[in-house]
Amino acid sequence: MDARTETEENVQEGDVGGVPLGFGGVEADVGDHIAHFFRGGERRFSVLGPYVEAGLRRGDRCVFISRPDVGAALCEWLAERGVDAAKARSADRLILDPGRDTEDDMKRLADRIDASVQEMDESFVRWAGDGEWCLEREITVEEMLRWEALYDEHASEWQLLALCQFDLAVFESDVIMDALRTHPYCVMGEVVVPNPFHESPETVRQELAGRHRT
């Protein structure tokens, strides 16, 4: 995916392309894995909020991986903008999940969500994650990053569109650098651009495994 607006047509045959992200007139393709870096809690929903709001208003199913308090804050943010988050949750259109303790369990969650696309006769699921979920569950940041690399590896197979965000005020620079390495695209202001720091998931996972052994 290149940086583009809603008026541009870059949809390949057979793809569900042109999905509006909810900010800056930007669109993405199903399978894209996008990172958003922000600083401070007041900016938490500057991109993620419109992303989920746009999905719910379109009728997309949305999954948000986060600490429970962050999920509750997102529901409040949506309610302030006239979106009935409680109704969306009861209809299984908004799924709040605290994450899992291992990358294998996270993969099983993604596999289940992806399988439900066919069961519900949907084209895709709008996935989102706030990186602090790993701190709430007291798993290592490396475990979370292994999951990001695993997601990156399977993104072309799953009918998911993913936006993952990381607070620069919370995570150290080495974690942010690893997060950059595991996301092919990044939010830059009001656009989404290819990430020049992205590396293959195999390379990242191999390095993370090496760190664990040492």
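Since this is a predicted model, take the numbers as computed values, not measurements.

K.L.:
Could you give an account of the pairing of strand β4 (residues 61–65), with specific residues and numbers?
P.N.:
Counting buried positions along β4 yields 5 of 5 residues, so the element is predominantly enclosed. Every second residue of β4 is oriented toward a common face, with Arg 61, Val 63 and Ile 65 on one face and Cys 62 and Phe 64 on the other, all of them buried. Note that β4 and strand β6 (residues 125–130) share 5 bridges and pair parallel. Note that in β6 the partner of Ile 65 across the bridge is Gly 129. When β4 meets strand β5 (residues 94–97), the two strands line up parallel, connected through 4 bridges. Of the residues in β5, the one forming a bridge with Val 63 is Ile 95.

K.L.:
Outline the nonpolar core, listing residues and values.
P.N.:
Judged by nonpolar contacts, the single largest core of 35 residues is most densely connected at Trp 127 and Trp 147. If you tally residues by element for this core, the top one is helix α6 (residues 141–154), at 6 residues. Membership of the second largest hydrophobic core comes to 31 residues, among which are Phe 45, Phe 64, Leu 74 and Leu 163.

K.L.:
Give me the lowdown on unusual backbone geometry, citing residues and values where you can.
P.N.:
A positive phi angle is found at Asp 92, which is not glycine, with a value near 65 degrees. You can see Asp 92 is positioned in the loop between α3 (85–90) and β5. One non-glycine residue, Asp 121, adopts positive backbone phi at about 55 degrees. Owing to a relative accessible area of 72%, Asp 121 belongs among the exposed residues under this scheme.

K.L.:
Account for the confidence of the model for the protein chain, naming residues and giving values.
P.N.:
Considering every residue of the protein chain, the mean pLDDT works out to 89; 91% of them sit at 70 or more. Below a pLDDT of 50 lies the segment residues 2–16, which in the model reaches 26 contacts outside its immediate sequence neighbourhood of four places, other chains included.

K.L.:
Describe in detail the packing of aromatic side chains, supporting the description with residues and values.
P.N.:
Enumeration over the complete set of coordinates arrives at 8 aromatic pairs. Between Phe 37 and Phe 166 the ring centres are 5.7 Å apart and the planes differ by 25 degrees, which places this aromatic pair in the stacked class. Linking Phe 37 in strand β3 (residues 33–38) with Phe 166 in strand β7 (residues 160–167), this pair joins segments that are 129 residues apart in sequence. With respect to class, Phe 37 is no different from Phe 166; both count as buried. Between Trp 127 and Tyr 151, the aromatic rings sit 6.1 Å apart at their centres with planes inclined by 45 degrees, giving tilted as the arrangement.

Criteria and thresholds
- Residues numbered from 1 in each chain as written.
- Predicted model: local features only at pLDDT ≥ 70, side-chain atom pairs only at ≥ 80, totals over all residues.
- Heavy atoms only, no water.
- Buried < 20%, exposed > 50% of the residue type's maximum accessible area, 1.4 Å probe, protein only.
- Helix = DSSP H or I, 4+ residues; strand = E, 2+ residues; numbered from the N terminus.
- Pairing = 2+ DSSP bridges.
- Core = buried A, V, L, I, M, F, W, Y, C linked by side-chain atoms within 4.5 Å.
- pLDDT = per-residue confidence, 0-100.
- Contact = heavy atoms within 4.5 Å.
- Phe/Tyr/Trp six-rings, centres within 6.5 Å; stacked < 30°, edge-to-face > 60°.

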